[in-house]
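Listed below, chain by chain, are the residues.
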Amino acid sequence: MIVDRLEIRNVRNVALAKLQLDSGITFVTGPNGAGKTTLLECLHLLARGRSFRSGALNALITFGEQELLVSAEGSHLDTPLRIGLQKSRAAKVRMRLNQADVRQVSQIAAIVPLQIMLPDTADLVFGPPARRRLWLDWLIFHTDNSYLQELRSFQRALRQRNAALRRRSADIRSWTAQLAQHAEEVSRMRQATLAELHETFDKVLTEMVPNMRISLDYDRGWQEENLSDGLARDSRVELKYGVTRLGPHRSDVRVRALDFDSGNDAGPAARVLSRGQGKAVACAMKLAQVRYLNARSIQSVVLLDDVASEFDDEYGRKFFGALHRTEAQSIATTTQESDIIRLWSSVAGTTPTLVKIRNGTIAQS
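Quick summary incoming for the structure in this document.

The rules behind the values
Residues numbered from 1 in each chain as written. Predicted model: local features only at pLDDT ≥ 70, side-chain atom pairs only at ≥ 80, totals over all residues. Heavy atoms only, no water. Helix = DSSP H or I, 4+ residues; strand = E, 2+ residues; numbered from the N terminus. Rg over C-alpha atoms; globule rule 2.2 N^0.38 Å. Buried < 20%, exposed > 50% of the residue type's maximum accessible area, 1.4 Å probe, protein only. Contact = heavy atoms within 4.5 Å. Lys, Arg positive; Asp, Glu negative; His and termini not counted. Charge placed at Lys NZ, Arg CZ, Asp CG, Glu CD. Axes fitted to C-alpha atoms, helices over the stretch in contact; angles between N-to-C directions. Parallel < 35°, antiparallel > 145°, perpendicular 65-115°, else oblique. Nonpolar A, V, L, I, M, F, W, Y, C, P; charged D, E, K, R; others polar. Salt bridge = Lys/Arg side-chain N within 4 Å of Asp/Glu carboxyl O. Phe/Tyr/Trp six-rings, centres within 6.5 Å; stacked < 30°, edge-to-face > 60°. Core = buried A, V, L, I, M, F, W, Y, C linked by side-chain atoms within 4.5 Å. Left-handed = near helix turned anticlockwise from the far one by under 90°. Pairing = 2+ DSSP bridges.

Right, let's get into the overall build of the chain. Counting its secondary structure elements, the chain contains 12 helices and 15 strands. Over its C-alpha trace the chain gives a radius of gyration of 22 Å, about what one expects of a compact globule, namely 21 Å for 365 residues. With respect to the principal axes defined by its C-alpha atoms, the chain has extents near 65 × 60 × 35 Å. When each of the 365 residues of the chain is scored for burial, the buried share is 52%. Put simply, of all contacts in the chain between residues at least 6 apart along the chain, 70% involve residues at least 24 apart. For the chain, the distance from the average site of its 50 positive side-chain charges to the average site of its 41 negative ones is 7 Å.

With that settled, the discussion passes to the packing of helix α4 (residues 129-143) against helix α10 (residues 275-294). It is the contact of α4 with α10, at a shortest axis distance of 11 Å, that shows an interaxial angle of 5°. Taken together, the axes of α4 and α10 are roughly parallel relative to one another. From α4, W135, L136, W138, L139, H142 and T143 reach across to α10, where they touch M285, K286, Q289, Y292 and L293. For the contact of α4 with α10, the class distribution of residues is seven nonpolar, three polar and one charged.

Our focus in this paragraph is the pattern of salt bridges. Following the criterion strictly, the structure yields 26 salt bridges and no others. Across the salt bridge formed by E41 and R12, the nearest N and O atoms sit 2.8 Å from each other. Of the two residues, E41 is situated in helix α1 (residues 36-48) and R12 in the loop between β1 (2-11) and β2 (14-20); the sequence distance between them amounts to 29 residues. Among the residues examined, E41 registers a relative accessible area of 0% and is labelled buried.

To continue, consider the packing of aromatic side chains. This model, assessed by the stated rule, comprises five aromatic pairs. Between F27 and F320, the aromatic rings sit 6.0 Å apart at their centres with planes inclined by 85°, giving edge-to-face as the arrangement. In this pair, F27 is assigned in strand β3 (residues 25-29) and F320 in helix α11 (residues 313-326), connecting sequence segments 293 residues apart. One exposure class covers both F27 and F320, and it is buried. Taking the centre distance of 6.2 Å and the plane angle of 75° together, the rings of F27 and W344 count as edge-to-face.

Within the element layout of this structure, H142 appears in helix α4. Setting aside its immediate chain neighbours within four residues, H142 contacts A109, A110, V112, P113, L293 and I298.

Here we take up the nonpolar core. By size, the foremost hydrophobic cluster in this structure holds 67 residues, and its most contacted members are M208, I214, V281 and F319. Not counting chain neighbours up to four residues away, the residues in contact with I214 comprise H198, F201, D202, L205, V255, R256, A257, L258, A269, L273 and V281. With 43 residues, the next largest nonpolar core counts M1, L39, L45 and V301 among its residues.

Here helix α6 (residues 172-208) crosses α10 at 125°, and the two axes come no closer than 8 Å. Compared by their axis directions, α6 and α10 come out oblique. Between α6 and α10 lies a crossing of right-handed hand. Facing E196, L197, T200, F201, V204, L205, E207 and M208 of α6, the residues of α10 in contact are A280, V281, C283, A284, M285, L287, A288, Q289, R291 and Y292. When grouped by side-chain class, the residues that make up the contact of α6 with α10 number 13 nonpolar, two polar and three charged.

On to the sheet that holds strand β15 (residues 361-364), then. Here we have six strands laid out as an open sheet, ordered β8-β12-β13-β3-β14-β15, and mixed in their pairing. Edge strands, defined here as strands with exactly one partner in the open sheet, are β8 (114-117) and β15. Adjacent strand axes in the sheet meet at a mean angle of 20°, parallel and antiparallel pairs treated alike. Sheet analysis places β3 next to strand β13 (residues 329-334), joined by five bridges and oriented parallel. Within the sheet, the bridge partner assigned to V28 lies in β13 and is T333.

Attention shifts here to the sheet that holds strand β11 (residues 265-268). The strand order across the open sheet formed by three strands is β9-β10-β11, and the pairing between neighbours is antiparallel. In this open sheet, the two strands that pair with only one neighbour each are β9 (213-219) and β11. For this sheet, the mean inter-axis angle between neighbouring strands, taken without regard to orientation, is 35°. Of the strand pairs in this sheet, strand β10 (residues 252-258) and β11 are connected by three bridges, and their pairing is antiparallel. Bridge pairing in β11 places L258 opposite D265.

Geometry only, nothing functional implied.
Structural data, given as structure tokens:
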């Protein structure tokens, strides 16, 4: 989806804002605390039904007001779209798509592939496996219509099996069969997609960090040839703790550094790389997904919150070059207006669209 216009009412310190977004990149500039991140947060609300920051949604409503409203207009596959979200202090979230109520957020998420790069992006490399599972699941969700249902079926079987383990119920066997079936399919889809992505990832990483080589490998979450055998061998421990210890919920995307010349394994990236190098790898992982989708005619929206704050000029040009080549719509916040404009213009050859915000008030150029 391409988002053309965004309207915000009563979200944090933004009482009312209406802005036009470029189909390429829009930079949101302003001092700290001006409301830059709030604009990104509103786009995330529309696509995911929640904020990327912690806390209840009521905390987003401007102090003294009773409800917030966020809406966007744009197009998806040349079809006009309007998305809206309303949240009052006394009621649940209400989402609408072209004037019709939306019951499942996934309906909107499917048409707005939203890739997010926050200051903690490096945690994709240095953080827990759950972050990498979500990264991979996001891509499969947008490329395979059957994946979400398969993943939900696995998660339901997992919950039911864990409950049966805690009760030591006779239902364990039937839930084990269902769990294994869905787990094998989820893992197959994850492995296949990661393998397909690797070539694109290598290209993006080379553009950004030419002297680095990284491997991405899927660890299924069990060692046996099939999950049923693993669960049978682990049954005594499972009964003791009342939890399923093997399966896709324990899987990981192993990010490993390779020796540049020989290609030999140099160790886990989280141990070998510096924080800055890890952030570059994480950015490459996310941009590779965007480029992978674009090659399949799926248009992403990329949100970047102060992502360039740690860039020097050389890396900044390489990063923006890789971003520009994704052909995605991007909205980026920065406090370094002149530096960012210079870097982007040197890569794209054009002056970017600017949105300036001061104390929650928008001025657009």
